[in-house]
Amino acid sequence: MTKVVKFGGSSLANAGQFAKVGRIIRSDESRRYVVPSAPGKRNPKDTKVTDLLYHCYAMAEAEENFAPALKKIQERYESIINGLNLTLSLNKEFQEIAENFKNKAGEDYAASRGEYLNGIIMANYLGYEFIDAAEVILFDKDGEFDADRTNEVLTARLKECERAVIPGFYGAKEDGKVKTFSRGGSDITGSIVAKAVRADLYENWTDVSGFLIADPRIIKDPEVIKVITYRELRELSYMGATVLHEDAVFPVRKAGIPINIRNTNAPEDEGTLIVESTCRMPDYTITGIAGKKGFVAVNIDKDMMNSEVGFGRKVLAAFEEHGISFEHLPSGIDTMTVFVHQEEFIGKEQQVLSAIHRLAQPDSIDLEGDIALIAVVGRGMRSTRGTAGRIFSALSHANVNVKMIDQGSSELNIIIGVKNCDFEVAIKAIYDIFVVTRI
């Protein structure tokens, strides 16, 4: 069995956390390929190393003296090295970083050094080979990730290597210039490595014991999701649930490799297993609840709308003209509602309304702002009667007025619109009826 293990910044914030990670890796011989992030916060008031590097490079670009700031970053790494009793010096690496900062090597280069340096320490600590991600994670000349070429190069390189550390978050373009993924991109690197070695499992270690059914800021101690499909994960992530970088799913999904979200601080917890498909039914009818505030409902009325060919296209063209994407599009015989992000829409609302009148000639348009959308997701809903009715009942008892309900044909999710002020109350009511009381 071969496992790829990725550890987040909180898992590698100091020597004590490094030691925990070392014990986890050494406890399972199949954990052969390790993808580390840069050191994260050691406490709530601390600063992530990546942010320190961004700040340090900004000083270099402004021709300010960045040496003291870079020295503080080096001291952060030295505290990890000393805490692990390693005979390792990063003086050469920091001299090179200082020189490249002076030569304006770029913000991506600066940000990537957090993972690069942590990778060197991790490889030294474990006795694994260190592979610079710039040599095997490849981007084209335009900065777009080259998945096929990366897979070819990385597969060939790792075939020669029994155990290796590959830093997360960055790679390099054709000219050798360092290019990073978006923040949290170490998740993506782990997924790419897992695909390249055809891993049996990709373990993503963080500071939580998997995905939670609901936001812990709203629900106290929500239950952990034991097994979730990629499609369910996509629905929840889109509506704001964040544990794993969204783009990390695609390489392993294509290869049929499951992902296991685990907790570095509670390694005995099973965490959440993310799979392509499963015959295992969830513990509850729903798998998870997630949502976002800040939408506008654009309600469009026109008699005989249903018989007018191309009406929907004309309406959506008005939004497209002004660069606004829509979220949901419930409709009736003579009505159509377009949900859009309020922040994106509000500065262009009159232009959009004018365009709808010009293109679609509706009888009337009405706007309602401050709407929240909540997604109730679960493969168990397909085989359970009355799920929508139970949601309505729960919201009614909580005195929450439903503005919209939209269920996809897959029966995998139900989207509910409520007022922003009812958002938390609605989530608590739904969680209570499906998880707490299980009526």
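Heads up: the structure comes first, above all this text.
Let us look at the structure shown here. (Residues numbered from 1 in each chain as written. Predicted model: local features only at pLDDT ≥ 70, side-chain atom pairs only at ≥ 80, totals over all residues. Heavy atoms only, no water.)

Quick look at the sheet that holds strand E2 (residues 31-36) now. Spatial ordering of the open sheet is given by E3-E4-E2-E1-E7-E9-E10-E8, a layout of eight strands whose pairing is mixed. Looking at the sheet topology across the chains shown, the edges are occupied by strand E3 (129-130) and strand E8 (227-229). Both strand E7 (residues 201-206) and strand E9 (residues 259-263) contribute to a ladder of five bridges, which runs parallel. Paired with Glu203 across the strands is Asn260, a residue of E9. Sheet contacts for helix H8 (residues 230-238): E8, E9 and strand E10 (272-275); angle to E8, the most-contacted strand, approximately 85°. (Pairing = 2+ DSSP bridges. Helix = DSSP H or I, 4+ residues; strand = E, 2+ residues; numbered from the N terminus. Contact = heavy atoms within 4.5 Å. Axes fitted to C-alpha atoms, helices over the stretch in contact; angles between N-to-C directions.)

Moving on to the sheet that holds strand E11 (residues 288-301). Across a sheet, paired strands are connected by hydrogen bonds in the backbone, their directions being either parallel or antiparallel. If you trace the five strands from one edge of the open sheet to the other, you get E12-E11-E13-E15-E14, paired in antiparallel fashion. Two strands lie at the open edges of the sheet, namely strand E12 (335-341) and strand E14 (404-407), each paired on one side alone. Geometrically, the sheet is characterised by an average inter-axis angle of 35° between neighbouring strands, direction not taken into account. Where strand E13 (residues 364-377) lies against strand E15 (residues 413-419), seven bridges are found, and the strand directions are antiparallel. The residue bridging Val377 from the neighbouring strand is Asn413, located in E15.

One pass over the full model with this rule turns up 23 salt bridges. In this structure, Lys3 engages Asp28 in a salt bridge whose closest nitrogen and oxygen atoms are separated by 2.7 Å. One end of the pair, Lys3, is in strand E1 (residues 3-7); the other, Asp28, is in the loop between helix H1 (15-26) and E2, with 25 residues separating them in the sequence. Under the relative-accessibility criterion, Lys3 is labelled buried at 10%. Each of the salt bridges in this network shares a partner with another, and the network as a whole consists of Lys3, Asp28, Arg31, Glu203 and Arg262. (Salt bridge = Lys/Arg side-chain N within 4 Å of Asp/Glu carboxyl O. Buried < 20%, exposed > 50% of the residue type's maximum accessible area, 1.4 Å probe, protein only.)

A few words now on the packing of helix H6 (residues 147-159) against helix H7 (residues 186-196). Look at H6 against H7: their axes get within 9 Å of each other, and the N-to-C directions meet at 65°. Taken together, H6 and H7 sit at an angle that is classed as roughly perpendicular. Seen along the crossing, H6 lies across H7 with a hand that is right-handed. Here H6 contributes Thr150, Asn151, Leu154, Thr155 and Leu158 to the contact with H7, which in turn contributes Ile192, Val193, Lys195 and Ala196. (Parallel < 35°, antiparallel > 145°, perpendicular 65-115°, else oblique. Left-handed = near helix turned anticlockwise from the far one by under 90°.)

This brings us to the packing of aromatic side chains. Applying the stated criterion across every chain yields a total of 11 aromatic pairs. The aromatic ring of Tyr125 is capped on one face by Arg26, whose charged end is 4.6 Å from the ring centroid. Between the NZ or CZ atom of Arg113 and the centre of the ring of Tyr170, over which it lies, the distance is 5.4 Å. (Phe/Tyr/Trp six-rings, centres within 6.5 Å; stacked < 30°, edge-to-face > 60°. Lys NZ or Arg CZ within 6 Å of the ring centre and 35° of its normal.)

Remark: a regular strand shows side chains that alternate across the two faces of the sheet. In the sheet, E11 pairs with E13 via 11 bridges, with the strands oriented antiparallel. Note on E13: the bridge partner recorded for Asp301 is Ser364.

Let's shift gears to the side chain of Ser112. Looking at where Ser112 falls in the secondary structure, it is placed in helix H5 (residues 107-126). The class for Ser112 is buried, based on a relative accessible area of 0%. Of note is the side chain of Ser112, whose polar atom sits 2.8 Å from the backbone oxygen of Tyr109. Look past the residues within four positions of Ser112 in its chain and what remains in contact with it is Phe169, Tyr170, Val178 and Thr180. (Polar contact = N/O pair within 3.5 Å; in protein donor to acceptor, adjacent residues only side chain to side chain.)

One non-glycine residue, Asp221, lies in positive phi territory at about 50°. With respect to the element layout, Asp221 can be found in the loop between E7 and E8. Judged by relative accessible area, Asp221 falls into the exposed class, the value being 64%. You will see that Gln361, though not glycine, has its phi angle at about 50°, which is positive. Structurally, Gln361 is set in the loop between helix H12 (349-360) and E13.

Turning to the environment of Asn306, a few remarks are in order. Summarising the element assignment, Asn306 is placed in the loop between E11 and helix H10 (311-321). The class for Asn306 is exposed, based on a relative accessible area of 55%. Spatially, the C-alpha atoms of Asn306 and Cys421 are 34 Å apart, while their sequence positions differ by 115 residues. Sequence-distant contacts of Asn306, defined by excluding residues within four places in its chain, comprise Ile333 and Asp334.

Turning to the packing of helix H4 (residues 91-102) against H5, a few remarks are in order. Taken N-terminus to C-terminus, the directions of H4 and H5 make an angle of 175°; their axes are 12 Å apart at the nearest point. For the element pair H4 / H5, the angle class is roughly antiparallel. Contacts from Glu93, Phe94, Glu96, Ile97, Asn100 and Phe101 in H4 reach Tyr109, Ala110, Arg113, Tyr116, Leu117 and Ile120 in H5. In the contact of H4 with H5, the residues fall into eight nonpolar, one polar and three charged. (Nonpolar A, V, L, I, M, F, W, Y, C, P; charged D, E, K, R; others polar.)

Shape descriptors only; they carry no functional weight alone.
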